[in-house]
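Results of the structural survey
Chain residues, written in single-letter form:
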Amino acid sequence: MELGREDEPAGGFLVCSALPRQTGCCARSLGCFALSLCTGQVDAQLRNFLPCYRGQLAASVLRQVSQELGPQEPAGCQLLRSKKLPRVREHRGPLTQLRGHPPRWQPVFCVLRGDGRLEWFSHEEEYESGARPLGSTVLTGYALLTSQREYLRLLHALCPGSSEDHAQEDPDSLLEVPVSSPLFLQHPFRQHLCFSATTREAQRAWRLALQGGIRLRGTVLQRSQAPAARAFLDAVRLYRQHRGHFGDDDVTLGSDAEVLAAVLMRELLPALRAQTPPSLRGAGRARAWAWTELLDAVHTVVLARVSAGLRAFQPEKDELLASLERTIRPDVDHTLQLRAGLAGRLRTDVQGLLESCLRQEVDAQLPRVTRTLLSTVEAAIEALRTLLAQGMDRLCRHLRQNPSGARLRREVYSFAEMPWDPERMHTCYREAERARGRLGQLVAPFGFLGMQGLVFGAQDLAQQLMADAVATFLQLADQCLTTALDCDQAAQQLEKVRGRVLKKFKSDSSSGQRKFIQGWVSCIFLPFVLSQLEQSCKKELPEFEGDVLAVGSQALTIEGIYEDVIRGVLLQRINRELRKALGASDTSCTLAGCSEAPWEEEEEETDPQRERGACPTQPGSGAEVQPLCPLLPSGTFRS
């Protein structure tokens with residue numbers, strides 16, 4: 001089995017063929033047993049998970065419909081929403097890879113695709129000819145290490161006794177020789193991928209590209225606005241809570257199948273660790289390496305089985321969503337009134353215990369967590385604003401100094417690609433990374449282990465804000481620049497656009513910052529509070545069960561109403577701390593929206609004047625616009 005290969009035994013058949021041939025006989029027997037066992041575990045997991053998922057689909061549809069029909073925020077998004085889908089910039093080049101049996105460093109040509117898939121070929125010519133790669137993997141769930149010492153410590157920790165056996169290893173054992181410019185891709189349940197770049201510069205470029213691919217694959221559900229995505233994440237959280245796991249962590253990074261596979265792998269891991277490592281062949285790092293191969297084989301079968309189960313559920317899910325939309329929307333006001341009445345009664349019953357828990361366990365740390373998270377996001381957004389302003393200034397300068405069509409088009413293309421340029425965006429992403437250690441220490445006592453997802457979320461926010469700002473600037477610039485303007489006048493118009501975009505950016509970044517902090521502080525504390533109240537408050541719920549059943553709505557459950565009550569009280573505290581942190585002078589703008597009129601999205605095709613480049617800030621100028629002047633060829637500022 002090639003390292004990282006994406007070949008999967010369909011539905012768990014021929015499970016033992018997924019094991020590497022080089023695995024020891026005893027470990028191979030144990031692995032075959034584990035693989036056979038895990039197929040039954042997957043089926044049992046899906047049977048337990050799908051009812052929870054169905055319930056959360058109903059709750060998610062109700063939430064979406066109520067948001068559509070409810071009061072809107074005073075100001076919507078000011079920036080034009082970018083229509084470009086999130087992606088990573090394709091990156092390719094020569095590396096050396098540790099592969100084969102026994103593992104040896106061999107030259108490969110690697111390609112990181114725009115969807116976050118990494119492929120490697122024997123030679124560049126094979127890639128260019130369209131040949132199949134030697135291996136490939138999606139980057140979901142991987143962590144990237146560039147320190148050989150850190151990676152070796154990780155290997156030694158994988159198998160009990162591996163560090164004790166290290167002394168008996170051969171001098172040329174695995175990774176004994178120092179590696180120049182390493183790139184180690186480590187996954188908790190997949191075969192590790194070990195690469196080495198030729199130079200430090202190449203290592204940095206690959207590091208930034210791979211980190212972008214890991215983030216893109218990891219936050220696919222978190223970025224989605226679809227009710228089914230929200231329902232799935234809530235269902236996973238509730239499924240794990242029913243098994244006693246309340247703390248939030250990074251298991252929800254990835255697609256739906258990848259998330260469920262990770263949940264089951266965590267359940268299987270203790271048994272696999274207890275039975276398998278002593279029978280693995282080799283010592284020290286070689287044994288750890290064999291352990292990752294075995295895990296990869298088990299994970300491959302689990303993922304295939306989960307994917308098949310979710311595909312089988314897809315028609316039912318589509319039908320259920322359509323049915324829920326038909327039944328919930330006409331009666332949504334009545335449903336929400338009944339829900340509000342039940343929530344009020346429940347809040348009265350649990351308020352005393354809830355307030356006591358919050359005062360004793362949460363209130364002391366809530367200000368520190370809120371302020372630390374706020375300072376992190378503010379630093380990332382300030383770095384983003386500086387980068388955006390520099391990009392717009394550069395375009396204005398080039399328009400004044402060298403307005404030739406070809407050169408300006410190159411500059412516009414570079415500006416339009418800025419949100420997807422890992423090198424230029426790195427300064428913003430680095431700010432999100434800096435608080436990982438300090439914030440992680442603050443939230444660990446509350447069982448929150450999802451720092452990777454939090455950092456990814458801040459980086460996604462930065463990338464989306466930049467994409468929206470770039471799209472807005474290019475759209476407004478294309479409207480304003482006409483043949484009636486000379487270079488100086490065109491540059492002046494572009495500077496006015498720059499000012500408008502920065503105002504809109506300030507509004508949207510403030511709103512995004514607020515929502516980000518509310519969401520993540522709630523993720524940190526809500527599971528902890530629920531766990532603290534598990535014994536005391538949940539005994540009050542059965543007496544409300546009859547009232548919920550009497551409503552007759554799939555979207556209402558007593559457990560869901562109970563969690564919404566806890567979340568609402570917690571959110572009041574979060575908002576209070578957020579106001580304090582922002583300061584009274586900034587509160588009105590940041591929490592209530594911005595006074596500038598919202599940006600109205602219009603299709604370019606619907607307005608002939610906009611197609612011809614008329615400036616919206618100069619209505620009635622009366623000048624007939626020719627195809628844009630030779631200095632500014634038509635469509636120069638269209639992304």
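Residues numbered from 1 in each chain as written. Predicted model: local features only at pLDDT ≥ 70, side-chain atom pairs only at ≥ 80, totals over all residues. Heavy atoms only, no water.

Bringing the overall build of the protein chain into the picture now. Within the protein chain, the regular secondary structure consists of 20 helices and seven strands. The buried share of the protein chain, taken over its 639 residues, is 51%. Contacts in the protein chain between residues at least 24 apart in sequence constitute 77% of all its contacts with a sequence separation of at least 6. In the structure as shown, the protein chain presents an accessible area of about 28,900 Å², 51% of it carried by carbon and sulfur atoms. (Helix = DSSP H or I, 4+ residues; strand = E, 2+ residues; numbered from the N terminus. Buried < 20%, exposed > 50% of the residue type's maximum accessible area, 1.4 Å probe, protein only. Contact = heavy atoms within 4.5 Å. Areas by Shrake-Rupley, 256 points an atom, 1.4 Å probe, with all protein chains shown as cover.)

This paragraph deals with the nonpolar core. With 149 residues, the main nonpolar core has Y53 and V302 as its most contacted residues. Looking at this core element by element, the count peaks at 17 residues for helix α16 (residues 487-532). One finds L183, L193, L210 and L216 within the second-largest nonpolar core, a separate group that totals 22 residues. (Core = buried A, V, L, I, M, F, W, Y, C linked by side-chain atoms within 4.5 Å.)

Take the confidence of the model for the protein chain next. Detailed conclusions should not be drawn from predicted coordinates in areas where pLDDT is low. Here the protein chain averages 83 in pLDDT, and 81% of its residues register 70 or above. The element-level mean pLDDT for the protein chain is lowest in helix α20 (residues 608-611), coming to 35, with strand β3 (residues 117-121) highest at 98. Within the model, pLDDT remains below 50 along residues 1-27, and this stretch shows 72 contacts once partners closer than five positions in the same chain are excluded. In the predicted structure, residues 584-631 sits below a pLDDT of 50 and forms 77 contacts with residues beyond four places in sequence or in another chain. (pLDDT = per-residue confidence, 0-100.)

Okay, helix α15 (residues 451-480) next. The first and last C-alpha atoms of α15 sit 44 Å apart over 30 residues, in line with the 44 Å expected at 1.5 Å per residue. Within α15, 28 of the 30 residues are buried, leaving the element largely enclosed by the surrounding structure. (Expected span 1.5 Å × (residues − 1).)

Another aspect to go through is the pattern of salt bridges. The full count for this structure, using the stated rule, is 34 salt bridges. Taking the shortest distance from any N to any O, the salt bridge between R92 and E90 comes out at 2.9 Å. Among the residues examined, R92 registers a relative accessible area of 45% and is labelled partly exposed. Classification of E90 as partly exposed rests on a relative accessible area of 35%. In this structure, E431 engages R434 in a salt bridge whose closest nitrogen and oxygen atoms are separated by 2.9 Å. Residue E431 and its partner R434 are located together in helix α13 (residues 422-434), separated by three residues, close to a single helical turn. Residue classification places E431 among the buried residues on the basis of a relative accessible area of 18%. One connected set of salt bridges, linked through shared partners, spans R63, R230, D234, R237, R339, E563, D564 and R567. (Salt bridge = Lys/Arg side-chain N within 4 Å of Asp/Glu carboxyl O.)

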